[in-house]
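Results of the structural survey
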Amino acid sequence: MNYRILLVEDDARLAAMVADYLGEAGFRPNGAGTGAAAQRQLKREQFDAVVLDLMLPDMDGLELCRHIRAESNIPC
């Protein structure tokens, strides 16, 4: 399995733990700590899915999910 996952989480410790779990399960996680950083990565890179925190420092995670879904078919 070589799926790329965008992990959007502002808590660095939690993000590292989830990234480790995803990596051990065979996924390739990439991290973003804010909604804006996630949006920039999504414009530059291709991902197979998004794991999304609902309470980000710069925007609501549901708002970010709506934005992602409006522009792509990536599951979030």
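A brief report on the enclosed structure follows.

Glancing now at the side chain of Glu9. Within the secondary structure layout, Glu9 lies in the loop between strand 1 (4-8) and helix 1 (12-24). The charged side chain of Glu9 is buried without a salt bridge, its nearest counter-charge being Arg13 at 11 Å. In this view, Glu9 contacts Leu14, Ala15, Ala32, Gly33 and Asp53; residues no more than four positions away in its chain are not counted.

A few words now on the sheet that holds strand 3 (residues 49-52). One open sheet holds the three strands; their spatial order is 2-1-3, and the pairing between them is parallel. Bordering the open sheet on either side are strand 2 (28-32) and strand 3, each of which pairs with just one other strand. Adjacent strand axes in the sheet meet at a mean angle of 25 degrees, parallel and antiparallel pairs treated alike. Direction of pairing for strand 1 relative to strand 3: parallel, over a ladder of four bridges. Looking at the pairing, Leu7 lines up with Val51 of strand 3. The strands that helix 1 touches are strand 1 and strand 2; relative to strand 1, the one it contacts most, it runs at about 165 degrees. Where helix 2 (residues 35-44) meets the sheet, it contacts strand 1, strand 2 and strand 3, and its direction lies at approximately 135 degrees from that of strand 2.

Moving on to the pattern of salt bridges. Oppositely charged side chains are able to pair whenever their charged atoms sit close together. Enumeration over the complete set of coordinates arrives at two salt bridges. Of the charged contacts, one joins Glu45 and Arg4 as a salt bridge, the two residues approaching to 2.7 Å between their closest N and O atoms. Taken as a pair, Glu45 in the loop between helix 2 and strand 3 and Arg4 in strand 1 lie far apart in primary sequence, 41 residues in all. For Arg4, a relative accessible area of 16% corresponds to the buried category. Between Glu45 and Arg44 there is a salt bridge, with its nearest N and O atoms 3.9 Å apart. When its relative accessible area of 26% is taken as the criterion, Glu45 is described as partly exposed. Arg44 sits in the exposed class, given a relative accessible area of 59%. Three or more residues are tied together by salt bridges with common partners; here these are Arg4, Arg44 and Glu45.

Conventions we followed
Residues numbered from 1 in each chain as written. Predicted model: local features only at pLDDT ≥ 70, side-chain atom pairs only at ≥ 80, totals over all residues. Heavy atoms only, no water. Helix = DSSP H or I, 4+ residues; strand = E, 2+ residues; numbered from the N terminus. Buried < 20%, exposed > 50% of the residue type's maximum accessible area, 1.4 Å probe, protein only. Lys, Arg positive; Asp, Glu negative; His and termini not counted. Salt bridge = Lys/Arg side-chain N within 4 Å of Asp/Glu carboxyl O. Contact = heavy atoms within 4.5 Å. Pairing = 2+ DSSP bridges. Axes fitted to C-alpha atoms, helices over the stretch in contact; angles between N-to-C directions.

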